[in-house]
Every structure is written in C-alpha cells, then in structure tokens.
Amino acid sequence: MHLGVEPLSLLFTSEQSDRKKLHTAPVGQVFRLRPFHVLVATGGGYAGYRKYEDYKLQQLEKRGIEVPVKLASEWEVALYKSVPTRLLSRAWGRLNQVELPTWLRKPVYSLYIWTFGVNMKEAAVEDLHHYRNLSEFFRRKLKPQARPVCCVHSVISPSDGKILNFGQVKNCEVEQVKGVTYSLESFLGPRISTEEMHFSQAPTGNSFQQQLVTKEGNELYHCVIYLAPGDYHCFHSPTDWTVSHRRHFPGSLMSVNPGVARWIKELFCHNERVVLTGDWKHGFFSLTAVGATNVGSIRIYFDQDLHTNSPSYSKGSYNDFSFISNNNKEGIPMRKGEHLGEFNLGSTIVTIP
C-alpha cells in the first residue's frame with residue numbers, strides 16, 4: 001500500500017542546486033559504542049546516583065533519624081568498580097600540580113574553603129597567594145599551637161576527622177561503620193613472620209586475631225577516622241611505637257565517605273591502602289592509611305620506596321617492606337604526635353592497637 005511518503009533521498013534533490021549537500025555518516029558508525037565507554041557512562045551515572053543517596057542520608061542523620069543499613073549487592077559493587085577511579089585520581093593528581101596564576105589563587109582556594117568549611121586561621125600560612133597549586137594547599141601545615149599533643153593519654157588521634165567507629169575487635173571482624181564489618185585478616189593481610197617483628201614471639205592461637213595479641217589478657221581494639229576534603233590532610237603518630245613493617249595493597253579507589261562505608265561491605269579491603277605494623281608498650285600496633293577517589297597518593301615520610309596508585313596492578317596482590325631486615329635497624333621509632341604522612345585529599349585512617 002502506498003502511503004504517499006517520498007523516500008528520504010528525494011528530499012535532497014538538485015531542485016535547489018545552490019544549496020550544500022547533506023552528508024550523513026553511516027548509521028552503524030554513528031551508534032558504534034565501545035564496551036569501555038558504556039561501562040564508564042553507566043558506572044559514572046550510578047556513582048552520581050549514589051552521591052545523591054548519600055546526601056539524603058546525611059540529611060536524615062542531621063535530624064537524628066537512625067539510618068538502616070542497606071548493603072550493596074555484588075553487581076552494584078562491580079558497577080561502581082567499573083568507574084576508572086584510579087585513572088581519574090592520577091589525572092586529578094596531575095591537575096593539582098599545575099601552578100596557578102597569582103591572580104587566580106585566591107578565587108579558587110576561597111571557593112574550596114567555602115564549599116568544605118576549611119578553617120584557614122589554623123594554617124601556618126594564611127595568605128592564599130602563598131600556595132602555588134592545589135596540592136600545596138591541600139597539604140598545608142598547621143600552626144604549632146593548633147593541635148597540642150595530649151600528655152595525659154597514651155594514644156591520641158592521628159588526624160583530623162570524624163570517628164566512624166570505635167570498639168573491640170571481635171571474631172576477627174572489624175566494624176567500618178555500625179553494622180557493617182570487614183575481615184581483620186583480609187584488611188591487614190597474612191601475618192608477618194616473627195623474625196620481622198620487634199616484639200616477642202606471639203602465642204599460637206586458633207585465629208588470626210589471637211596470634212596478634214602478644215600479651216596475655218590484652219585485647220585488640222580499632223578506631224576508624226574519616227578525613228573529609230576540608231580537613232587537615234597530614235596524619236601523625238598516634239602513640240610512642242616502633243614501625244617494623246610496611247605492606248602496600250594496590251586496589252580500587254572508591255569513595256570512603258560515611259554513606260559509601262555504610263553501603264559497601266569490606267570497603268576498606270577493596271581500596272588501596274598502606275598498612276604500617278609494629279609494636280608499642282602493650283604489644284601489637286598498626287596504622288593503616290586507606291586511599292579513596294582522588295586520593296591515590298599516600299605518602300609516608302620515612303618511606304621513600306613507597307609508590308601508590310600505579311597505572312597497573314594485579315588484583316589481590318600486595319608488596320612487603322621490612323624496616324628491620326632491609327635497613328638493618330630495630331625499626332622506625334615514632335614519637336606521639338610526630339609527623340607520619342599525608343594524603344592529597346580526604347581519606348580514612350584505621351588504627352588497631
């Protein structure tokens with residue numbers, strides 16, 4: 001049946017020869033999408049959706065309404081991991097190194113200060129023109145009197161931030177937020193040989209947790225501290241201790257904000273992290289710096305061999321470095337409050353004394 005509709009090609013005839021011809025690409029070429037592009041677009045869209053959900057949760061918390069735990073499914077975690085956060089974090093790191101014109105520094109930093117509530121009165125240098133690039137601004141030092149070290153308590157907070165969880169390690173599980181746990185052994189990795197540890201031989205136990213308790217009657221505790229983008233980004237030694245070993249886990253760089261920590265089980269085991277272990281007066285002690293989106297760079301001041309957020313890595317791999325066997329020392333002694341390392345943006349610190 002003829003519908004009286006002319007073919008598309010007849011609409012562009014030489015009836016008006018002075019007009020330009022319309023050139024169209026083949027349909028297959030226009031709609032050719034690579035799997036990588038689909039993953040990035042889908043994962044990025046989903047990450048944006050999660051940000052919106054996090055914002056709603058924050059509003060509920062401000063009202064004092066208890067937020068029920070709703071864990072992500074495997075496909076949701078896989079979808080989130082499809083976002084190239086490591087690549088984006090490296091790009092962000094390079095952008096941070098770009099020197100800003102003097103006239104542009106104050107407007108850019110002022111916007112950041114307003115957005116994240118940065119208190120520049122605590123900064124050692126308050127003049128915004130002093131910071132040549134974003135990286136220098138993020139890693140700004142504080143005035144000596146801004147964070148006095150407590151002389152009364154044996155353990156202090158290693159950084160600025162919000163305590164997401166604190167308590168005793170039970171059944172080899174650690175809470176990243178209330179009701180959401182991760183495996184202690186997966187987080188720290190296999191136990192280090194006693195030859196590399198500074199403290200005495202640990203008693204043989206039935207669990208990984210028991211093997212770390214080196215003094216009878218002691219228990220392991222944990223503290224999870226979230227550093228927001230507006231916080232001071234350096235971290236300090238939380239106590240007097242000796243660092244014997246460093247273990248670096250390459251991994252994902254998913255967000256570690258409280259909303260995501262409540263959503264993804266074993267989030268800290270998925271993400272890139274640097275685990276420092278050693279001993280203090282009560283036995284085993286560890287401090288772990290966990291990477292996050294745009295925080296692929298983790299720096300430990302006394303460890304020049306540490307390089308984080310490499311372009312490629314093997315899933316589930318890790319690399320060890322002993323400060324005893326490699327340097328022929330008794331480990332790295334750290335004093336309470338001493339500068340230990342820094343992030344390039346907000347992230348998370350986990351201590352397990």
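For clarity, every value in this text was computed on a predicted model and none was experimentally measured. (Residues numbered from 1 in each chain as written. Predicted model: local features only at pLDDT ≥ 70, side-chain atom pairs only at ≥ 80, totals over all residues. Heavy atoms only, no water.)

## Quick word on the pattern of salt bridges
Put simply, the test is: The salt bridge criterion pairs a side-chain nitrogen of Lys or Arg with a carboxyl oxygen of Asp or Glu, the two atoms within 4 Å. Strands are runs of DSSP state E lasting at least 2 residues, helices are runs of H or I lasting at least 4, and numbering of each runs from the N terminus. Each residue is assigned to one of three classes by its accessible area relative to the maximum for its type, calculated with a 1.4 Å probe on protein chains only: buried under 20%, partly exposed between the two thresholds, exposed over 50%.
Per the counting criterion, the structure on display carries 11 salt bridges. Where glutamate 126 meets lysine 143, a salt bridge forms, and the shortest distance between an N and an O atom there is 2.7 Å. A residue pair is termed long-range when its members are at least 10 positions apart, and glutamate 126 in the loop between helix H5 (102-116) and helix H6 (134-138) and lysine 143 in the loop between H6 and strand S1 (162-168) qualify at 17 residues. Given the relative accessible area of 24%, lysine 143 is considered partly exposed. A salt bridge links arginine 247 to aspartate 320; its shortest N-O distance comes to 2.7 Å. Taken together, the residues arginine 247 in strand S6 (residues 241-249) and aspartate 320 in strand S10 (residues 319-322) connect sequence positions 73 residues apart. Linked through salt bridges whose partners overlap, the residues forming this network are Glu122, Arg147 and Asp160.

## A word on the UniProt feature "active site" (unreviewed entry) in the protein
Applied cut-off: UniProt positions are given in the numbering used here, feature names are shortened, and annotations may be inferred rather than shown by experiment. Contact definition: two residues touch when any of their heavy atoms are within 4.5 Å. Polar contacts here mean pairs of N or O atoms no more than 3.5 Å apart (in protein, one a potential hydrogen donor and the other a potential acceptor; neighbouring residues in sequence count only if both atoms are side-chain atoms).
Those residues carrying the UniProt feature "active site" (unreviewed entry) are Asp160, His236 and Ser347 in this numbering. Considering the C-alpha atoms alone, the annotated residues occupy 188 residues of sequence yet fold into one spot, their largest mutual distance being 14.2 Å. With respect to the helices and strands, histidine 236 occurs in strand S5 (residues 234-236). Residue class for histidine 236 comes out buried when judged on its relative accessible area of 15%. If we skip the residues at most four places from it in the chain, histidine 236 touches Pro158, Leu287, Gly337, Glu338, His339 and Leu340. For histidine 236, the side chain forms a polar contact with the side chain of tyrosine 232, separated by 3.0 Å. Within the secondary structure, serine 347 sits in the loop between strand S12 (339-343) and strand S13 (348-352).

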